[in-house]
Amino acid sequence: LARADVWEREGFPDAAQRIAQLAEQRQQFSQLQQRALLEGLANVLFRLQDLQGATEMWVSIAELQPDDVLVHFRLFNLAMERDDDSAAKSMSRLREIEGDEGAFVRAARAIQLVERAEPGNRAALGDARSIVRRLAGQRPAWALVPLTEARIDELEGDYDAAARRYEEAIRLGHRDPRVLLRAIQ
């Protein structure tokens, strides 16, 4: 992982290829170590904006741990980020693991509503906010709650509220550099 971090930091043009080669060597490690390696490599690829490569790493993790809800939630988020049809497959898998009322299923549904809503579409955004408020009661320290509400606020044109919610997500531990930038804009 240290090598992958250096390749990212130093801007190696073939960093993604090098990372894929590292991932191919994972069989020499225990399942737990493979998970840690693949997750770390996926995070580096995400920061490099290689969403396809990051997705491939998470798919490999899902093969190691097929019932891990967090893995399938990350696959869902990557699919949404890539505007990929595999989001439906990830949502289906989340439902199989958690049931329709699971926190990750509801969070995924809210994200789906927000990302597909046209700016000012009050119905879809209202539905998403309702889901997020229920999640806030269930998981008050989950950074995803204010993060999703911030996106809703942006789509509704309330940029001051969005900035406050981005700041709250950061206080709750969210570290995506794009969120840090949005909070200060």
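Residues numbered from 1 in each chain as written. Predicted model: local features only at pLDDT ≥ 70, side-chain atom pairs only at ≥ 80, totals over all residues. Heavy atoms only, no water.

(A) Geometry of the nonpolar core. Counting 38 residues, the largest nonpolar core has Phe73, Phe76, Leu94, Leu135, Trp142, Leu144 and Tyr166 as the members making the most contacts within it. Put simply, the parts of the chain that give this core at least two residues each are helix 5 (69-82), helix 6 (86-98), helix 7 (103-116), helix 8 (122-138), helix 9 (144-155), helix 10 (159-171) and helix 11 (177-184). Element by element, the count of residues in this core is highest for helix 7, at nine residues. Every residue in contact with tryptophan 142, bar those within four places of it in the chain, is listed here: Ala103, Phe104, Ala107, Leu135 and Leu172. Ile19, Ala54, Ile61 and Ala62 belong to the second largest nonpolar core, which has 21 residues in total. (Core = buried A, V, L, I, M, F, W, Y, C linked by side-chain atoms within 4.5 Å. Buried < 20%, exposed > 50% of the residue type's maximum accessible area, 1.4 Å probe, protein only. Helix = DSSP H or I, 4+ residues; strand = E, 2+ residues; numbered from the N terminus. Contact = heavy atoms within 4.5 Å.)

(B) Layout of the environment of alanine 183. Structurally, alanine 183 is set in helix 11. Residue class for alanine 183 comes out buried when judged on its relative accessible area of 10%. Spatially, the C-alpha atom of alanine 183 lies 31 Å from that of arginine 3, the residues being 180 residues apart in sequence. The residues contacting alanine 183, other than those within four sequence positions of it, are Ala163, Tyr166, Glu167 and Ile170.

(C) Geometry of helix 4 (residues 51-64). Helix length check: helix 4 (14 residues) gives 20 Å between terminal C-alpha atoms against 20 Å at 1.5 Å per residue, within 8%. For helix 4, the full list of buried residues reads Leu51, Gly53, Ala54, Thr55, Met57, Trp58, Ser60, Ile61 and Ala62. Where the residues of helix 4 are buried, they touch helix 2 (15-24), helix 3 (31-47) and helix 5. (Expected span 1.5 Å × (residues − 1).)

(D) How the structure looks around helix 6. Taking 1.5 Å of rise per residue, 13 residues should cover 18 Å, and helix 6 covers 18 Å from first to last C-alpha, within 8% of that figure. Residues Ala87, Ser90, Met91 and Leu94 constitute the buried set of helix 6. The buried residues of helix 6 all sit within an arc of 100° when viewed along its axis, so they share a single face. Residues Ala88, Lys89 and Glu96 are exposed on helix 6 and point more than 90 degrees away from its buried face. Those residues of helix 6 that are buried lie in contact with helix 5 and helix 7. One or two positions beyond helix 6, positive phi appears at glycine 99, with a value near 85°. (Arc of directions from axis to C-beta.)

Nothing here speaks to function; it is geometry throughout.
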